[in-house]
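Listed below, chain by chain, are the residues.
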There are 2 protein chains.
Amino acid sequence: MPAPRALPSLLLALAVSALGSAASRDPARDQLLTREKAMRVGGLLVLEEEEQLADQRLRALKEAEMLEAAQTGTFPPSMHFFQAKRLVERSAVFRVLQKMPKGAALHVHDFGIVSMDWLVKNVTYRPHCYFCHTRKGTMLFRFAHPSPPKPEPAECSEWVLLEKVRKGLQNVTEFDQSSLLRSFTLVTESPQVTYANQDMVWAKFQTIFLSLSGLVNHAPVFRDYIFRGLEEFYQDNVLYLELRTTLFPVYELNGTVHSLEWSVRTYEEVARAFAEKHPGFIGIKLIYSDHRFKNVSCIKKSVQTAMKLRAQFPRMVAGFDLVGREDTGHSLYYYREALMIPALHGVKLPYFFHAGETDWQGTAADGNLLDALLLNSTRIGHGFALSKHPAVWADSWKKDIPVEVCPISNQVLKLVSDMRNHPAAVLMATGYPMVISSDDPAAFGAKGLSHDFYEAFMGIGGVTADLRTLKQLAMNSLKYSALSEGEKKVAMEAWEERWHKFVAELARGPE
Amino acid sequence: MPAPRALPSLLLALAVSALGSAASRDPARDQLLTREKAMRVGGLLVLEEEEQLADQRLRALKEAEMLEAAQTGTFPPSMHFFQAKRLVERSAVFRVLQKMPKGAALHVHDFGIVSMDWLVKNVTYRPHCYFCHTRKGTMLFRFAHPSPPKPEPAECSEWVLLEKVRKGLQNVTEFDQSSLLRSFTLVTESPQVTYANQDMVWAKFQTIFLSLSGLVNHAPVFRDYIFRGLEEFYQDNVLYLELRTTLFPVYELNGTVHSLEWSVRTYEEVARAFAEKHPGFIGIKLIYSDHRFKNVSCIKKSVQTAMKLRAQFPRMVAGFDLVGREDTGHSLYYYREALMIPALHGVKLPYFFHAGETDWQGTAADGNLLDALLLNSTRIGHGFALSKHPAVWADSWKKDIPVEVCPISNQVLKLVSDMRNHPAAVLMATGYPMVISSDDPAAFGAKGLSHDFYEAFMGIGGVTADLRTLKQLAMNSLKYSALSEGEKKVAMEAWEERWHKFVAELARGPE
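It should be emphasised that the depicted structure is a prediction, and the values quoted were computed from it without experimental measurement.

1. Thoughts on the packing of helix H2 (residues 27-39) of chain A against helix H16 (residues 364-374) of chain B
Line of reasoning, step 1. It is at 10 Å that the axes of H2 of chain A and H16 of chain B come closest, and there the two elements cross at 135°. In terms of orientation, H2 of chain A lies oblique with respect to H16 of chain B. The handedness of the crossing between H2 of chain A and H16 of chain B is right-handed. Together, Ala28, Arg29, Leu32, Leu33 and Glu36 of chain A of H2 of chain A and Gly367, Leu370, Asp371, Leu373 and Leu374 of chain B of H16 of chain B make up the contact between the two elements.
Line of reasoning, step 2. Of the residues in the contact of H2 of chain A with H16 of chain B, the class split is six nonpolar, one polar and three charged.

Shown next, in the form of structure tokens:
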């Protein structure tokens, strides 16, 4: 048998035009291509002239990067994000995505939105910051004056003042980087080695929020954290956020603890103050959330709390969700009695359930997709397993329930390794309603939405994803938000204005 | 924030019953479950009483293994096959799958069907076996007497007699294992390190067939190889095979070279001789194949050769295919003129195209799926990218064109790492027609079909795949074969008889 010579990967590039052009002189083939083009996310959008120019330019950048990837065998979306990040940030496509007005971030968690570097360099340098180590080595923090209450020895070592510890150190930078920053993120050089399986990465993920809690729930930090979070997203051209929040009690230096209502009001105040200083910023809403490892009676109370909060803050509290690892937590079906409470009382409490964030098909966690649908979830968080559920898929589509796709989160939490195999690729090709979000970008070393948009645009969407795809994804983020119809109109206008500027700049190119 | 305790993974097991039972007292939920159950591969089969017992027993074994996997974090289908193989072979489910009459192997290549160990221990110990090394270090072989023609220095080193080399060795076993066996398989302890990307694994894959060629194309070996291949599949309870073969010239010791027709006749003779000694064995058919790196005029000739062979051997030659790596080879669209020849002459040449064996969506290789459909391919080899092509997917379904899913091949060739993310999971859940095959099992360290069935049943099918799934997959392999209607009837009866025995034994359990 003769040796098959490896043909130049240029074929990849040729491919683009072969599939893109409608000049194949084969009507049946053209019709297939046209049908598939129309089906996919954004496929029905008609681009204006300037948008077409911008699209051409974007596709040229994309094709050049894909060609390079095919030639070098290094394609960032097929690599682990921790290892791909530097490559992503060098990408011209990524820079376009950063500039693009992306609309809203609909799936982000309260304490995963600010680069952890800021916590280290700003928050942990504030006065009165104490820490201790749990038996498992997790760092816990507490601001207090004169000193925090003695911890239970079973829970933590003695509190020590961080300022004092730093004074005794020869290499503070080293301490900040390796002890502190490492406590706040999952980032590591060899994620495949550090996290051999999902249990290991989730175990670490949970300790991160344990460590963060004492820092970010301190009242002055809490305010600054929210402000800073909005800033990072605003800089990334995201103008509206819906935050999943557990509203864990915020405390003052003297140990006083605030109510949930105080937290909601603080979110509201900070967002208002932020909007005043940042033109075009639309605001935030909260999705009150509780943990899916609690028992039914706890969740019954939380559902009632959610109903109460939503009645008190109808413009701020959008609804309710359950958070935490689905594979090991309780299922929506387990909580059905709690989750039926609003309906029984004739109250509308919108749900935004995490569902199908699993690769175990046929398990209780996998079944969450059924119950999210049956409980009329407004959106589905992740829906990673949706395409394995054709009946739920069809019915959710009829009900226009979008999925919130968080590519990097899914990869870091070991649901998928190569983004080209992300199940959202099928959903994107069929035009299923979706938005792109970033879950806990700070824990993954990402920022805003752009890194996740890169993975979605280059990896999940394949060569075919174009400006239409991006425009639809951005518009979806407002369309499927919890904004009122009036708010949506205003938001859409603000977004459109920015979109036109973005398109004009992109069409003009090169940067 | 309190630490979410990791709940016992027993939830995984509970899940099975939660999803499996129809006693949820929620008609809408039951209806969704029932719809999804009916949709998936085998979902419409009604099991007889004994089959139900067998199914219960199989599911108990499966659940126990999945539970163990969830507890230990070690789930073979989510590991690389080279590392999972030992675990798979210890599995009780695997032993059931080995015993199961699996019907036919519809996607296997001529020289990937016999355990390479046999080549080392049997073939390379035959007299007059010479070898040389190419500049890149690939071993080439040649049987000759008195000696092979001098190789071109640019092509290979001087021929040396293997027998003579062995005589001079202190450790022959070491040589056989590390020099020979390693030349014949992709198997390695650290596949992630050895094959950093697809280019690297394909480069090695291609050298394997180069090395094998001189061995297996020697006439006496050729006959024995076919016989041995059928034996390995027969032992694995596979009674019929369709072999993709390039019909590379077979040679005698004196250098004489045989015609294509000779090869086809030899296949026919060996299969007949095999069937005489092996009750129930149905036979083989050939899918004549050529390489997709050749130019159009070469492929025009091959198509004509295929037409001629099919006219000469209508019961042996089933049709035509193009083989080799799709990403770097020419597309079906590129060959369209050649592939239209039979239709232009009013001749029916069935096609069995490899198509969509790629994760590059939107490229020429990815476009092969369109052209396989438009060229009325009888089946689709791999179809890994099919679910990303909703229009092709829908139309192929209407035309009842099955995909030949080869899980281990896809993993080893780096299209997917965790079988739970194999795109066939979506196809299986929606009930798309499919068969399971093993491509080149010997190159991957697998044998027959059972290893691939294990991956499909445990990984791709999730918890929900059951005896119905397996039965449908086995029946599909005959239904979608190139057997004539009459042959199919006979084959199906032979299979049914074996199926009943298998079911009775399984239902009786424990082994």
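2. Some details on the sheet that holds strand S4 (residues 160-161) of chain B
Residue and element names in this part refer to chain B.
Line of reasoning, step 1. Spatial ordering of the open sheet is given by S3-S2-S4, a layout of three strands whose pairing is antiparallel. One side of each edge strand has no neighbouring strand; the edge strands of this open sheet are strand S3 (139-143) and S4.
Line of reasoning, step 2. Strand contacts of helix H10 (residues 198-216): strand S2 (129-133) and S3, with the helix running at about 10° to S3, the strand carrying the most contacts.

3. What to know about the sheet that holds strand S11 (residues 434-436) of chain A
Residues and elements named next belong to chain A.
Line of reasoning, step 1. In spatial order, the strands read S8-S9-S10-S11; together these four strands make up an open sheet with parallel pairing. Two strands in the sheet have a free side with no partner beyond their single neighbour: strand S8 (354-355) and S11.
Line of reasoning, step 2. In the sheet, strand S10 (residues 403-405) pairs with S11 via three bridges, with the strands oriented parallel. Opposite Val403, over in S11, you have Met434 as the bridge partner.

4. Remarks on the interface of chain A and chain B
Line of reasoning, step 1. In this complex, chain A contributes 77 residues to the contact, which on the side of chain B involves 77 residues.
Line of reasoning, step 2. Between chain A and chain B, the buried area comes to about 7,000 Å², and carbon and sulfur atoms account for 63% of it.
Line of reasoning, step 3. Linking chain A with chain B are six salt bridges.
Line of reasoning, step 4. Where Arg420 of chain B meets Asp359 of chain A, a salt bridge forms, and the shortest distance between an N and an O atom there is 3.0 Å.
Line of reasoning, step 5. Counting across the interface, chain A meets chain B through 19 residue pairs in polar contact (both at pLDDT 80 or more).
Line of reasoning, step 6. Among the elements of the structure, helix H1 (10-20), H2, helix H3 (49-72), helix H10 (198-216), helix H16 (364-374), helix H17 (390-398) and helix H19 (424-430) of chain A are those that each provide at least two residues to the side of chain A that touches chain B.
Line of reasoning, step 7. Looking at the side of chain A that touches chain B, its residues break down into 41 nonpolar, 22 polar and 14 charged.

5. Quick notes on the state of the cysteines
Residues and elements named next belong to chain A.
Line of reasoning, step 1. This structure, assessed with the given rule, holds two disulfides over all chains.
Line of reasoning, step 2. Between the sulfur of Cys132 and that of Cys156 lies a disulfide, 1.9 Å long from S to S. Of note, the bridge from Cys132 to Cys156 carries an S-S torsion of about 95° and is right-handed in sense. Of this pair, Cys132 sits in strand S2 (residues 129-133) while Cys156 sits in the loop between strand S3 (139-143) and strand S4 (160-161), and the two are 24 residues apart along the sequence.

6. Notes on the UniProt feature "domain: Adenosine deaminase" (unreviewed entry) in chain A
Line of reasoning, step 1. Sequence positions flagged by UniProt for "domain: Adenosine deaminase" (unreviewed entry) are, in local numbering, residues 190-490 of chain A.
Line of reasoning, step 2. Measuring from the first to the last C-alpha atom of residues 190-490 of chain A gives 45 Å, for a span that is 50% helix and 12% strand.

7. Quick word on the UniProt feature "domain: Adenosine/AMP deaminase N-terminal" (unreviewed entry) in chain A
Line of reasoning, step 1. Under the UniProt annotation, the feature "domain: Adenosine/AMP deaminase N-terminal" (unreviewed entry) is placed at residues 26-97 of chain A.
Line of reasoning, step 2. In residues 26-97 of chain A, helix accounts for 74% and strand for 0%; the two terminal C-alpha atoms are 36 Å from one another.

So, how was this worked out
- Residues numbered from 1 in each chain as written.
- Chains lettered and ligands numbered in written order.
- Predicted model: local features only at pLDDT ≥ 70, side-chain atom pairs only at ≥ 80, totals over all residues.
- Heavy atoms only, no water.
- Axes fitted to C-alpha atoms, helices over the stretch in contact; angles between N-to-C directions.
- Helix = DSSP H or I, 4+ residues; strand = E, 2+ residues; numbered from the N terminus.
- Parallel < 35°, antiparallel > 145°, perpendicular 65-115°, else oblique.
- Left-handed = near helix turned anticlockwise from the far one by under 90°.
- Contact = heavy atoms within 4.5 Å.
- Nonpolar A, V, L, I, M, F, W, Y, C, P; charged D, E, K, R; others polar.
- Pairing = 2+ DSSP bridges.
- Buried area = accessible area lost by both parts, 1.4 Å probe.
- Salt bridge = Lys/Arg side-chain N within 4 Å of Asp/Glu carboxyl O.
- Polar contact = N/O pair within 3.5 Å; in protein donor to acceptor, adjacent residues only side chain to side chain.
- Disulfide = S-S within 2.5 Å.
- UniProt positions renumbered as here; feature names shortened; annotations may be inferred.

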